[in-house]
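Given next are the chains, with one letter for each unit.
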2 protein chains.
Amino acid sequence: MKTTILSADHLRQIVRRVGLDRLMDETIGRLTEACAGLDARETVVPARAGFSYNRPDLGLLEWMPGMATGAGVQIKVVGYHPGNGRSHGLPTVLSTLSTYSVESGRLMGLMDATLVTAMRTGAASAVASRILADPESSSLGIIGCGAQAVTQLHALSRVFPLRRVYVHDTDPVAVASFQQRIHCLGLDAVAIVPAPVHTFLDQVDMLCTATSVGVGEGPVFEDGPLRPHVHVNAIGSDFPGKIELPEALLRRALVCPDFTEQALKEGECQRLEPRALGPDLPTLVKEQACHRRARDGLTVFDSTGWAVEDMVSMALFMEHAAALGIGAEVQVESVSSDYRHPYQFLYDAPAGEAGPSPDGRLKRVV
Amino acid sequence: MKTTILSADHLRQIVRRVGLDRLMDETIGRLTEACAGLDARETVVPARAGFSYNRPDLGLLEWMPGMATGAGVQIKVVGYHPGNGRSHGLPTVLSTLSTYSVESGRLMGLMDATLVTAMRTGAASAVASRILADPESSSLGIIGCGAQAVTQLHALSRVFPLRRVYVHDTDPVAVASFQQRIHCLGLDAVAIVPAPVHTFLDQVDMLCTATSVGVGEGPVFEDGPLRPHVHVNAIGSDFPGKIELPEALLRRALVCPDFTEQALKEGECQRLEPRALGPDLPTLVKEQACHRRARDGLTVFDSTGWAVEDMVSMALFMEHAAALGIGAEVQVESVSSDYRHPYQFLYDAPAGEAGPSPDGRLKRVV
């Protein structure tokens, strides 16, 4: 009855063994399958809830639950702290994922979701873009060059023949370091071109916004002439009042949210009427044959983050971990040999459990 | 930036070192202090939410978040699976507690909450009973002799001069094993008397209901004559439609909920109008001088479970763990040396981190 814990170090081992490209490809593939097979009666995803605060700093802590009925419950807890980089040298988004058994309620697994969130957000853009963007898209504009930009580029580079990527950020350090940060992706054929947004807006096949723009401070660029077939992945909008795209652009595009209910509250869609929205991500995948014609026009994927993406990613990493024998098994919950006796476990001495060593620490860690 | 994980084994070590009675006394003391000092503007406790289902079996998984503004966020995840004992030999309630930093959003700690939930539920009854029950109460009737009954008795035995405890359960095995299960409490002066409810209803100073009665199947005993000063701790009611007490009893009592908003939805209070309720637990503690006179009459503590109880308990165990050097420190979240580079940590080799051994497992577990 142990909990599998995948630490950052375990993820490092998994990625080193499986490969980053293969993991991204599998995430894209499995998310596509999950969308295609989604039965809304069986997969229950309540809109996320959370605490937002401005003490000690501006921050947001949210829980994103999801249930595959009869199979499992998962909760992702996500912290969004835009001052993390400056104040603590930490990513803006820090996150963990937990799964629970619907048979007994026990904690089945816990893992880092910081990597997974970045990867699955990239993968979701790839899934949407594969349907909505020109398959020959070779140029991409990225507005906001932080952590998410790396995985957006990674995911798109797996499904499009990218040659030229324009990058912009209000922070010149983010722009200057981008080339070095994507070095590990091995995109030798791709030219990274730092440039102001207005200079590349009419030069790109795809656009990606992934900023930490403040509430009420968007949009992050001014509307202007775009190529007629442009597809936009809008990643950053995930809070009431936080928006990245010019409203006029939004209104003339086919806007596809990942998760409609949430996008209307927190995404670019918060400025649109429900009836003005296009199909959501699973519908897009299921009906891709009829939505592919949208490629000729302006399209937007409004990505706010969807629990099913996390389910897919966690399952993928847990499967690799099990196959490779990576991870720690920890008896987290106290379970007594007599289930009616909450203190019994204090006196149980389970086989294989080491006793306290002289300094009071367990010989066997965890 | 590590997460402190307290496993069942760590809790065992802490209890062995600190002592079960002292931990219960400290939980009661700290919960009293927390109630006395509670500032509702600073402590934010949303009503819990969750998934309930009947596949594969009847079950409920809930998350109970709480925030001490500017200090920390905590989420308890609780599984309630009434078939756990029969099907898996596991407790009905399985639970874990996590805390998160409001500075960065990172996961600060994770621990078993099965023990803590049982202990703090006992402690909450002790806090309420110390104000609402006759301080000389020596007799107690327990209806429902499962896991919660053990900690209810433990907590009450710490603050009342108990001599006689009547016990009843629809399952004769639960009754027959109760004496043995409380052996560890060392209550040599207390006589445990199995008996039908109607035979002890007018014999006790305090009553405790802690059953797994089904929705729509309550109350768990028939109303009858009680001693005028009886105090009831109603523990089991925690779901819409699940109730334990006869409505007539409830209507002639002063009913004090732990957490009003939740008790009106899930507790005994679901049958009462908000204006018919007495003070909640923190108000009771703050204004105990004026509520003590309620001791002469019939009182009910409607205990549905309150996040502040969990905050107090988790803090207590984490403090003991830190003082004793018990617990595991795990780098759960993937944090790159460059916070803008989500993949950097894959290539970082932090000091003290062991590399993969030939069989692909880390030399240092977790």
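Use the structure listed above.
Definitions and cut-offs
Along each chain, residues carry numbers from 1 onward, in the same order as the chain's sequence is written. To read the labels, note that chains go from A and ligands from 1, taken in the order they are written. Confidence filtering applies because this is a predicted model: local features only for residues at pLDDT of at least 70, side-chain atom pairs given and counted only at 80 or more, and all residues used for totals across whole chains, interfaces and linings. Think of the side-chain values as coming from all heavy atoms in the structure, minus any hydrogens and water. Salt bridges, as used here, are contacts in which a Lys or Arg side-chain nitrogen is within 4 Å of a carboxyl oxygen on Asp or Glu. Each helix corresponds to a stretch of at least 4 residues labelled H or I by DSSP, and each strand to a stretch of at least 2 residues labelled E; elements are numbered beginning at the N terminus. Only protein chains enter the accessibility calculation, which uses a 1.4 Å probe. A residue is then buried if its area is under 20% of the maximum for its type, exposed if over 50%, and partly exposed in between. Between any two strands, at least two bridges found by DSSP are needed for them to pair. Superposition of the copies used a least-squares fit over C-alpha atoms from residues whose pLDDT is at least 70 in both. Throughout, a contact is declared for two residues whenever any of their heavy atoms are within 4.5 Å.

Trainee: Sorry if this is basic, but what is going on with the pattern of salt bridges here?
Mentor: Any two side chains of opposite charge can pair, given that their charged atoms come close. All names here are of chain A. Per the stated rule, a full pass over the model turns up 36 salt bridges over all chains. Note that glutamate 62 is salt-bridged to arginine 48, the shortest N-O span being 3.4 Å. One end of the pair, glutamate 62, is in strand β4 (residues 59-68); the other, arginine 48, is in the loop between β2 (43-44) and β3 (49-53), and 14 residues separate them in sequence. Residue glutamate 62 is classed as buried on the basis of its relative accessible area of 10%. A salt bridge links aspartate 310 to arginine 120; the shortest N-O distance between them is 2.7 Å. Here arginine 120 lies in helix α4 (residues 114-132) and aspartate 310 lies in helix α13 (residues 307-324), a separation of 190 residues in the sequence.

Trainee: Help me understand the pairing of strand β1 (residues 3-6) of chain B, please; the structure alone is not making it clear to me.
Mentor: In regular strands, side chains alternate between the two faces of the sheet. Residues and elements named next belong to chain B. The side-chain alternation of β1 yields two buried faces, one formed by Thr3 and Ile5 and the other by Thr4 and Leu6. By the bridge criterion, 3 bridges tie β1 to strand β15 (residues 328-330) in an arrangement that is antiparallel. By the bridge assignment for β15, isoleucine 5 is matched with alanine 328.

Trainee: Can you help me understand the relation of the copies chain B and chain A in this one?
Mentor: Between the two copies of the chain lies a rotation about an axis combined with a shift along it. Of the transformation placing chain B onto chain A, the axial shift is 0.0 Å and the rotation is 180 degrees, giving an RMSD of 0.0 Å. Taken together, the rotation and translation relating the two chain copies correspond to the operation of a two-fold axis. When the interface residues of chain B are mapped onto chain A, 99% of them again lie at the interface, so the same face is used by both copies.

Trainee: Please explain unusual backbone geometry as it appears in this structure.
Mentor: Glycine aside, residues mostly have negative phi, and peptide bonds are mostly found in the trans state. With an omega of -5 degrees, the peptide bond between arginine 55 of chain A and proline 56 of chain A qualifies as cis. Here proline 56 of chain A lies in the loop between β3 and β4. Following glycine 218 of chain B, the chain continues to proline 219 of chain B via a peptide bond in cis, the omega torsion being 0 degrees. Following the sequence through the fold, proline 219 of chain B ends up in the loop between β11 (206-209) and β12 (231-234).

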